[in-house]
Amino acid sequence: MKPVQESPRTDSTMTLEIPKKDQGLAMVMNLASIPLPYVAPIAGLIIGARSPYAKFHSYRMLIEQVIGTIIAGILIACSLSYSLWKMKEDGVLDASGLHLEKIGWVGIIVKSALTWVLFALWGLWNTLNSLKDAMEAGRGYLPPKPRWSERLAMKWSGLGKG
């Protein structure tokens, strides 16, 4: 890929000329990441091994998916820990055994419903973000001010802005 300068840009705003094939592959990988959040970026790294642009998108998707999974795992662990602590406080779990009649079902149902609503919103946000990323990938867009995950992906892919 060679630098292309469009007028009247300065050297600091130069862009890379991204081949259409690489743009298309990156776009497809972003769309495939909606139903296949781990498989798509890993496949993108394999299929697009010769394309720094496709690798950039694949690495970015993979980094963000791992971070999202870690955050979701922490939230699930906290939710479960709170539920167990609350059951112990309410006397459901004690030395004499399990007392199901003391379970506060309303609280459990409300907390569960809230948790599922939050996960649904998280999924919607991820879907919309993947669609936005796919459109940007199809245009050959690179962020002028990359976030940390994008900087790391650029470094790992060889785009050089990392």
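Residues numbered from 1 in each chain as written. Predicted model: local features only at pLDDT ≥ 70, side-chain atom pairs only at ≥ 80, totals over all residues. Heavy atoms only, no water.

Draft legend 1. Quick look at the packing of helix H3 (residues 52-89) against helix H5 (residues 148-157). At a closest axis distance of 8 Å, the pairing of H3 and H5 adopts a crossing angle of 135°. Between H3 and H5, the crossing angle belongs to the class labelled oblique. Both H3 and H5 take part in a crossing whose hand is right-handed. Residue-level inspection shows Pro52, Lys55, Phe56, Tyr59, Arg60, Ile63, Glu64 and Ile67 of H3 in contact with H5, the latter providing Trp148, Ser149, Glu150, Leu152, Ala153, Met154, Trp156 and Ser157. (Axes fitted to C-alpha atoms, helices over the stretch in contact; angles between N-to-C directions. Helix = DSSP H or I, 4+ residues; strand = E, 2+ residues; numbered from the N terminus. Parallel < 35°, antiparallel > 145°, perpendicular 65-115°, else oblique. Left-handed = near helix turned anticlockwise from the far one by under 90°. Contact = heavy atoms within 4.5 Å.)

Draft legend 2. Expanded view of empty space enclosed by the protein. Using the criterion set out here, one finds one cavity of 30 Å³ or more in the structure. Put simply, the largest cavity is a space of about 60 Å³. Taken together, Phe56, His57, Arg60, Lys132, Asp133, Glu136, Tyr141, Pro143 and Glu150 make up the lining of the largest cavity. Listing elements by their share of the lining of the largest cavity, those giving two or more residues are H3 and helix H4 (105-139). Classifying every residue of the lining of the largest cavity by side-chain character gives three nonpolar, one polar and five charged. (1 Å grid on protein atoms, 1.4 Å probe; cavity = no way out; pocket = protein on both sides within 12 Å on 5 of 7 lines; lining within 4 Å. Points joined across faces, edges and corners; volume = space filled by probe spheres on them. Nonpolar A, V, L, I, M, F, W, Y, C, P; charged D, E, K, R; others polar.)

Draft legend 3. Quick peek at H5. Every buried residue belonging to H5 is among Ser149, Glu150, Ala153, Met154 and Ser157, and all of these are buried. When H5 is viewed along its axis, its buried side chains cluster within an angular range of 135° and face the same direction. Looking at the buried side of H5, the elements it contacts are H3. (Buried < 20%, exposed > 50% of the residue type's maximum accessible area, 1.4 Å probe, protein only. Arc of directions from axis to C-beta.)

Draft legend 4. Inspection of the packing of helix H1 (residues 20-32) against H4 at higher detail. As a packed pair, H1 and H4 sit with axes 7 Å apart at the nearest point and diverge in direction by 175°. Taken together, the axes of H1 and H4 are roughly antiparallel relative to one another. For the pair H1 and H4, the contacting residues are Gln23, Ala26, Met27, Asn30 and Leu31 in the first and Ser130, Leu131, Asp133, Ala134, Ala137, Gly138 and Arg139 in the second. Per-class residue counts for the contact of H1 with H4 are six nonpolar, four polar and two charged.

Draft legend 5. Just the pattern of salt bridges, in detail. If you walk through the whole model with that rule in mind, you get seven salt bridges. One salt bridge in this structure joins Arg60 and Glu64, with 3.3 Å as the shortest N-O distance. Taken together, the residues span about one helical turn, with Arg60 and Glu64 both in helix H3 at a distance of four residues. Arg60 gets classed as buried once you look at its relative accessible area, which sits at 2%. Through salt bridges with shared partners, a single ionic network connects Arg60, Glu64, Lys132, Asp133, Glu136, Arg147 and Glu150. (Salt bridge = Lys/Arg side-chain N within 4 Å of Asp/Glu carboxyl O.)

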